[in-house]
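# Coordinates in review
Residues per chain, in single letters:
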Amino acid sequence: MLDYLGSRLQCDGDEKADVQHRMNIAQAVFSSFFHLWKDDRLPLSMKLRLYQTAVCSTFSHACEAWDLTDDVRRMINGFNSRCLHIITGKNYRETATNPAVDLLLLLRKRRLRYLGHILRLDENRLLRRTFFAYIHGGQIVPPSSLLMDCQHLQFDDVTELAS
C-alpha cells in the first residue's frame, strides 16, 4: 500500500482502497463536527451546507481516478446515508433513497468537470493524448470509468460538448 498526494494506491488493484481511505478521513472530519450536528439552534440548511463544504469536499479528493463500480457506489451511498441520518434525524432508508445531499451526484459532477478539462486541453498535452489513446485503443471502456455518464453519446460528441 502506498500513499501518494493524499490518495492510497493498493498494489493488488483494489478499487475500494482509496475510497475507503478518503471515507476514513471524511469520517474523522464529520466526527469533529458532531457537536454541531446535534445542536438544535442551527438550522438544517446550515448543517447541510457545512456537511457539503467540510465533509463531502474532503471525501471527494481525487475521486476522478476512482472506478465507480456498484460496490464502490454502495459504499459511498452508505457513508452518505449514515452521515445524513445523524444530521437530519431521518431513518437510514430514507436518507439512502432520497438524500438531502446526494454525494454520488456531487462526485459524478466533479468527474464530468474533470473530463471536460481533459478534453479542452491542447492536443499535444500528455494527459489528453493518453486519454485519447485509451479511448481509441480498441479496449472496451468499463461502465464505471470517467466516461460513465457519457456512454449514450459518441466520443466525438462528448469532445464537442466539452469545447
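For the structure itself, consult the block above.
Residues numbered from 1 in each chain as written. Predicted model: local features only at pLDDT ≥ 70, side-chain atom pairs only at ≥ 80, totals over all residues. Heavy atoms only, no water.

A few words now on the overall build of the protein chain. Helices and strands together make up the secondary structure of the protein chain, namely 8 helices and 2 strands. Along its sequence from the N terminus, the protein chain presents helices and strands in the succession β-β-α-α-α-α-α-α-α-α. Looking at the 163 residues of the protein chain, the share that counts as buried comes to 37%. The long-range share in the protein chain, meaning contacts at least 24 apart out of those at least 6 apart in sequence, stands at 61%. Taken as a whole, the protein chain presents about 9,900 Å² of accessible surface, with 53% of it coming from carbon and sulfur. (Helix = DSSP H or I, 4+ residues; strand = E, 2+ residues; numbered from the N terminus. Buried < 20%, exposed > 50% of the residue type's maximum accessible area, 1.4 Å probe, protein only. Contact = heavy atoms within 4.5 Å. Areas by Shrake-Rupley, 256 points an atom, 1.4 Å probe, with all protein chains shown as cover.)

Attention now goes to the packing of aromatic side chains. Within this structure, the stated rule accounts for 5 aromatic pairs. Seen from their ring centres, F30 and W37 are 5.1 Å apart, and the 20° between their planes marks the pair as stacked. Each member of the aromatic cluster is reached from another via a ring pair, and the members are F30, F33, W37 and Y51. (Phe/Tyr/Trp six-rings, centres within 6.5 Å; stacked < 30°, edge-to-face > 60°.)

Once that is clear, we can look at helix α3 (residues 44-59). Spanning 16 residues, α3 covers 21 Å between terminal C-alpha atoms, matching the ideal 22 Å at 1.5 Å per step. The inward-facing, buried residues of α3 abut α1 (16-32), α2 (34-37), α4 (70-88) and α6 (103-120). (Expected span 1.5 Å × (residues − 1).)

What follows is about α4. Owing to its 3.6 residues per turn, the α-helix brings residues three or four apart onto one side. An ideal rise of 1.5 Å per residue puts 27 Å on 19 residues; α4 measures up with 26 Å between its terminal C-alpha atoms. Those residues of α4 that are buried lie in contact with α1, α2, α3, α5 (92-97) and α6. Downstream of α4 by a residue or two, G89 has a phi angle that is positive, lying close to 85°.

Quick look at the nonpolar core now. Nonpolar side chains in soluble globular proteins tend to end up buried together. Membership of the largest hydrophobic core comes to 25 residues, with the highest contact counts inside it found for V19, Y51, F59, W66, I76 and F79. Of all the secondary-structure elements, those providing two or more residues to this core are α1, α3, α4 and α6. Here the element with the most residues in this core is α4; it accounts for 7 residues. Among the nonpolar cores identified, the runner-up in size contains 10 residues, and I118, L119, C150 and V158 belong to it. (Core = buried A, V, L, I, M, F, W, Y, C linked by side-chain atoms within 4.5 Å.)

Before going further, it helps to spend a moment on the state of the cysteines. Scanning the entire structure with this criterion turns up 0 disulfides. No disulfide involves C83; its nearest neighbouring cysteine sulfur is the one of C56, lying 7.7 Å away. (Disulfide = S-S within 2.5 Å.)

For the coordinates displayed, the defined rule picks out 5 salt bridges. D39 is the salt-bridge partner of R41, the closest N and O atoms lying 3.0 Å from each other. Put simply, K90 and E94 hold a salt bridge, and the shortest N to O gap is 4.0 Å. In this structure K90 comes out as partly exposed when scored by relative accessible area, which is 39%. (Salt bridge = Lys/Arg side-chain N within 4 Å of Asp/Glu carboxyl O.)

The residue A62 is not glycine, and still its phi comes out positive at about 65°. On the secondary structure map, A62 appears in the loop between α3 and α4.

Between α4 and α6, the least distance of the axes is 9 Å, while the angle of their chain directions is 125°. Classed by the angle they form, the pair α4 and α6 counts as oblique. Facing α4, whose interface residues are R73, I76, N77, F79 and N80, α6 presents L103, L104 and L107. For the contact of α4 with α6, the per-class residue count stands at 5 nonpolar, 2 polar and 1 charged. (Axes fitted to C-alpha atoms, helices over the stretch in contact; angles between N-to-C directions. Parallel < 35°, antiparallel > 145°, perpendicular 65-115°, else oblique. Nonpolar A, V, L, I, M, F, W, Y, C, P; charged D, E, K, R; others polar.)

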